[in-house]
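Structural overview for review
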Amino acid sequence: MKKPLPLSAHIISSEQYDAKKLKRLFLLTKRIKESDKKYRQLLKGKIVATLFFEPSTRTRLSFEAAALRLGANLISTENAAANSSGIKGETIEDTIATVQNYADLIIMRHSDDEAAEKAIRLARVPFISAGSGKKEHPTQALLDLFTILDKKEHLDKLKIALVGDLKYGRTIHSLVKLILNFKGINFYAFPACKLNLPKEYITEIKKRGGTYQEVTSWKELPRNLDFIYQTRVQKERLCGEIFTQEEETKCYLNKKVMAQFGQDTFVLHPLPRNGEISSDFDQDKRAIYFEQAANGMYLRMALLLQLLGKI
Ligand code: NCD
């Protein structure tokens, strides 16, 4: 039997990326976004498997659209928690050991924090994490950062507010680690319902030359913020936390809240949203969350090409 592939063949954490690797990925993403014509057949004959043990719209469909646009074929379990052998008690390792016989690359989302580490233990084909529990969502962080760079063209001394569920939001966790590849990042944290950023991330921010300040209202945030990264409370991951509606809605963003910020304060959200961004703000030029979601497909096309050695 072939040996398992090294970590570098997979994407399981945003920690795998440094500035150099990001530059290469973003350049390719930009080229694909400008015109995907010359990439359309590059994955012809390849089979990509998507295994989603948790709900998804954007991540699954953008990965699948990315694979199809590159000419690959797909095999998929949309609701793997109910429709795959996981429900029969199969381990992640066994699922991967099986599916890799059918596919050239596996994309998986799972509720287990360690799902990706387990998946790559025996993986002989490239594996991409599409979200592991509350811990990581590396490809979301990559598309978030691509969108950030696209808007600002630099990252020096960036001021970014992390809003909402900073405790269980895996997109926040992956993004914080990824952005720390750049110097002098100023983080402002505005957690909903006392769902604070875990200490390990705050320590990492400080260790890597960033600043971190927690606030309890919109008014405490500086007017010249570069980005507001809004998130929903991850109700499916709560561990008995009790909070009032007011503790959740104080973080809600709308036209009125945004009037206090400048015209260069852009609003990101990994989506889906509940009530935390009012649709009355959607037409504002600073609302870039749908553009962010659109970038996801191009970024994922680039990742598939890189992992399958076509670029
Ligand atoms: C996020 C996720 O699944 O972590 N969604 C996404 O992938 N775009 C955010 C969320 O579910 O709140």
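Note: the structure precedes this text.
Residues numbered from 1 in each chain as written. Predicted model: local features only at pLDDT ≥ 70, side-chain atom pairs only at ≥ 80, totals over all residues. Heavy atoms only, no water.

1. Section: the site of the ligand
Neighbouring residues of the ligand: Thr 59, Arg 109, His 137, Gln 140, Arg 170, Thr 171, Arg 232, Gln 234, Pro 270, Leu 271 and Pro 272. Note that an oxygen atom of the ligand is positioned 2.7 Å from one of the side-chain N or O atoms of Arg 232. At a separation of 2.7 Å, an oxygen atom of the ligand approaches a polar side-chain atom of Gln 234. Considered on its own, the ligand offers 310 Å² of accessible surface; in the complex 94% of this is hidden by protein. (Near = heavy atom within 4 Å. Polar contact = N/O pair within 3.5 Å; in protein donor to acceptor, adjacent residues only side chain to side chain. Areas by Shrake-Rupley, 256 points an atom, 1.4 Å probe, with all protein chains shown as cover.)

2. Concerning the nonpolar core
Ile 107, Ile 160, Ile 179, Phe 187 and Leu 304 are the most contacted members of the largest nonpolar core, which totals 60 residues. Discounting residues that sit within four places of it in the chain, Ile 107 has contacts with Val 48, Ala 49, Thr 50, Leu 51, Phe 52, Phe 63, Ile 128, Ala 130 and Leu 304. Residues Ala 161, Val 163, Val 215 and Tyr 289 belong to the second largest nonpolar core, which totals 25 residues. (Core = buried A, V, L, I, M, F, W, Y, C linked by side-chain atoms within 4.5 Å. Buried < 20%, exposed > 50% of the residue type's maximum accessible area, 1.4 Å probe, protein only. Contact = heavy atoms within 4.5 Å.)

3. Some words on the sheet that holds strand E4 (residues 127-132)
Strand order in the open sheet made by the four strands is E2-E1-E3-E4, with parallel pairing throughout. Two strands in the sheet have a free side with no partner beyond their single neighbour: strand E2 (73-77) and E4. For this sheet the average axis-to-axis angle between neighbouring strands, irrespective of direction, equals 15 degrees. Here strand E1 (residues 47-52) runs beside E2; their pairing, made up of five bridges, is parallel. Each residue of the ladder has a partner; that of Leu 51, found in E2, is Thr 77. Packed on one face of the sheet, helix H4 (residues 92-99) meets E1, strand E3 (105-110) and E4 and runs near 155 degrees to E3. (Pairing = 2+ DSSP bridges. Helix = DSSP H or I, 4+ residues; strand = E, 2+ residues; numbered from the N terminus. Axes fitted to C-alpha atoms, helices over the stretch in contact; angles between N-to-C directions.)

4. Some words on the packing of aromatic side chains
The geometry of an aromatic ring pair comes down to the distance between the two centres and the angle between the two planes. Taken as a whole and assessed by the stated rule, the structure comprises five aromatic pairs. Where Trp 218 meets Phe 261, the ring centres are 6.3 Å apart and the plane angle is 75 degrees; that geometry is what we call edge-to-face. Pair noted here: Trp 218 is in the loop between strand E7 (211-214) and strand E8 (227-230) and Phe 261 is in the loop between helix H10 (255-258) and strand E9 (266-268), with a separation of 43 residues, a long-range link. Phe 261 matches Trp 218 in its accessibility class, with the two residues each being buried. Among the aromatic residues, ring-to-ring pairing joins Phe 190, Trp 218 and Phe 261 into one connected group. When the ring centre of Tyr 17 is taken as origin, the NZ or CZ atom of Lys 21, which lies over that ring, is 4.6 Å away. A cation sits over an aromatic face here: Lys 152 above Phe 227, 5.7 Å from the ring centre. (Phe/Tyr/Trp six-rings, centres within 6.5 Å; stacked < 30°, edge-to-face > 60°. Lys NZ or Arg CZ within 6 Å of the ring centre and 35° of its normal.)

5. Some details on the sheet that holds strand E5 (residues 159-164)
The strand order across the open sheet formed by five strands is E7-E6-E5-E8-E9, and the pairing between neighbours is parallel. Two strands lie at the open edges of the sheet, namely E7 and E9, each paired on one side alone. Within this sheet the neighbouring strands show an average axis-to-axis angle of 20 degrees, counted without direction. Strand direction decides the pairing type here: E5 and strand E6 (residues 186-191), joined by six bridges, are parallel. If you follow Leu 162 over to E6, its bridge partner there is Ala 189.

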